[in-house]
Amino acid sequence: MDVLTVKSIVESVPDPEIPVLTLGDLGVIRGVHERDDEFEIHVTPTYSGCPATRVINEMISEALLSAHIEKFTIKKVLSPVWSTQWISESGKAKLEEYGIAPPNPGAKGPKSCPQCKSISVSEISAFGSTPCQAIWRCQDCLEPFNYFKCL
Amino acid sequence: MSDPRFHLALRMGDNSLILAQQNSKWCGHAPTLEEDIALANVSLDLMGHAQMWLGLAAEIEGEDRTADILAFFRDTDEFRNSLLVERPNVDFATTLMRQYLFDVWHLEQLLLLSQCPDILIAEISQKALVEVEYHRQRSQSLVMKLGDGTVESHNRMQEALNALWSYFGSFFEDSIVDELLFDLKISSMPSSLYPRVLKQLNQDCLLSTLKIPESEFWQKGAVQGHHTENLGYILAEMQYLQRTYPNSKW
């Protein structure tokens, strides 16, 4: 098994809270290295206290074990700090399709409602169901939706 | 004396840990659902920071203690958090004002530490900084709304500010550890942060119609482990399970 194969296995693991995104889309896999027959997977946390961080490590382990890779370690790296800019373009498109407005850098909130695309939106709550999301509402279709806030 | 970086990591970790513990008591009790979620989420971020700082403290110390052991098996006199974060929740005004004062200090402190030549301290600070910016945005905008709100909300925010003020000064108390940290170019003196923090408070207070108390009588001692009575109650609740059933796991 080579580094690239291991990397693609790890990057295709779904995010435990937003399963439409893979860890590759999310941009939290910072590298895979091979040392003396052992793989070292570098993972960076999204939010510091996010409970998904532990689950992500467990899911990486499971994916590797089911591909018969047994010698590996998962290393937490902090730098460079993860921000929503690490989410891939395809990841942002997947979020929008899933009904979560993707991060909109430089602005105070989402670009538009993920359902009807209206740009008339307002904030309901600065925090949401997971540390990375806020709750917004569309003024036209009146649907509330999650916004993946910028970090 | 042991490595001064150990004391710095403890101080940062303890502040976040104690405030997270205090805020999380609101879970299910906050005045509105949005505030309930906000308090829980801010606590979660702070808990994450505490885990990183206390983990670093344990690593620097090198004596087989872990972040969990530091959190659950130290007594009040070994805690290095400021006196502000251990003030009781009282009501939503006090909790919010405590959070706001903490956020203003926290942001300035992390801005400085994120430039620190010690890579481990800088990394944790940079990680925490982006989250704390969001915390301050929220507490700042709420303090403005409630300060410049109704007569009732204004009075309660002002009373909270008056009651917390002398404990807030605890963040700016210098100690021998700080002189060592300063000599190593790791951190500046806590007192040197005060003018910057005060500038921010003055700007915000002007808009929120609140008045910063004139007194600069500060409650001191936290840097030597001298705490107020309430920290004992906080630790009793937080540490109970681990003290009763040592090393038990979820």
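Our subject is the structure listed above.
Note that the coordinates shown come from a computational prediction; the quantities given were computed from them, not determined experimentally.

J.: Just checking my understanding: could you explain the state of the cysteines for this structure?
T.: When the sulfur atoms of two cysteines share a covalent bond, that bond is a disulfide. Residues and elements named next belong to chain A. Throughout the structure, instances matching the rule amount to zero disulfides over all chains. Residue C138 stays outside any disulfide, its sulfur separated by 3.6 Å from that of C116, the closest cysteine. For C138, a relative accessible area of 0% translates into the label buried.

J.: I'm lost on the sheet that holds strand β2 (residues 38-43) of chain A in this one. Help?
T.: As a general point, the strands of a sheet are linked pairwise by backbone hydrogen bonds and lie either parallel or antiparallel. All names here are of chain A. Strand order in the open sheet made by the three strands is β1-β2-β3, with mixed pairing throughout. The strands lining the two open edges of the sheet, one partner per strand, are β1 (29-35) and β3 (72-76). On average, each strand axis in the sheet is tilted by 20° relative to the strand beside it, whichever way the strands run. Here six bridges tie β1 to β2, and the two strands are oriented antiparallel to one another. The partner of R35 across the bridge, within β2, is E38. In the packing of helix α1 (residues 3-11) onto the sheet, the strands contacted are β1 and β2, and the crossing angle to β1 comes to about 145°.

J.: I'm lost on the interface of chain A and chain B in this one. Help?
T.: Quite often, the size of an interface is put as the accessible area lost when its parts meet. Listed by partner, the interface residues are 21 residues for chain A and 18 residues for chain B. Between chain A and chain B, the buried area comes to about 1,700 Å², and carbon and sulfur atoms account for 67% of it. At the boundary of chain A with chain B, the tally comes to six residue pairs in polar contact (both at pLDDT 80 or more). Of the residues in the side of chain A that touches chain B, the class split is twelve nonpolar, seven polar and two charged.

J.: What is the right way to look at the nonpolar core in this model?
T.: Nonpolar side chains tend to gather and get buried jointly when the protein is soluble and globular. If you look at the biggest cluster of nonpolar residues, it comprises 84 residues, and the most contacted ones within it are W53(B), M97(B), L101(B), F168(B) and L201(B). Apart from residues no more than four positions distant in its own chain, W53(B) is found in contact with A9(B), M12(B), G13(B), L110(B), L113(B), I121(B), I124(B) and S125(B). Counting 30 residues, the second-largest nonpolar core is a separate cluster that includes I9(A), V10(A), V32(A) and F148(A).

J.: Help me out: how do you make sense of helix α5 (residues 119-147) of chain B in this one?
T.: Note on helix geometry: an α-helix contains 3.6 residues per turn, so any two residues three or four positions apart are oriented the same way. Residue and element names in this part refer to chain B. Taking 1.5 Å per residue as the helical rise, α5 with its 29 residues ought to reach 42 Å, and the 40 Å between its terminal C-alpha atoms agrees with that figure. Of all bends in α5, the biggest is about 30°, found at L129. Here α5 starts with a cap whose side-chain oxygen sits 3.1 Å from the backbone nitrogen of L120, and that cap is D118.

Calculation criteria
Residues numbered from 1 in each chain as written. Chains lettered and ligands numbered in written order. Predicted model: local features only at pLDDT ≥ 70, side-chain atom pairs only at ≥ 80, totals over all residues. Heavy atoms only, no water. Disulfide = S-S within 2.5 Å. Buried < 20%, exposed > 50% of the residue type's maximum accessible area, 1.4 Å probe, protein only. Pairing = 2+ DSSP bridges. Helix = DSSP H or I, 4+ residues; strand = E, 2+ residues; numbered from the N terminus. Axes fitted to C-alpha atoms, helices over the stretch in contact; angles between N-to-C directions. Contact = heavy atoms within 4.5 Å. Buried area = accessible area lost by both parts, 1.4 Å probe. Polar contact = N/O pair within 3.5 Å; in protein donor to acceptor, adjacent residues only side chain to side chain. Nonpolar A, V, L, I, M, F, W, Y, C, P; charged D, E, K, R; others polar. Core = buried A, V, L, I, M, F, W, Y, C linked by side-chain atoms within 4.5 Å. Expected span 1.5 Å × (residues − 1). Bend = angle between axes of the 7 residues up to and from the residue.

These values are about where atoms sit, not about what they do.
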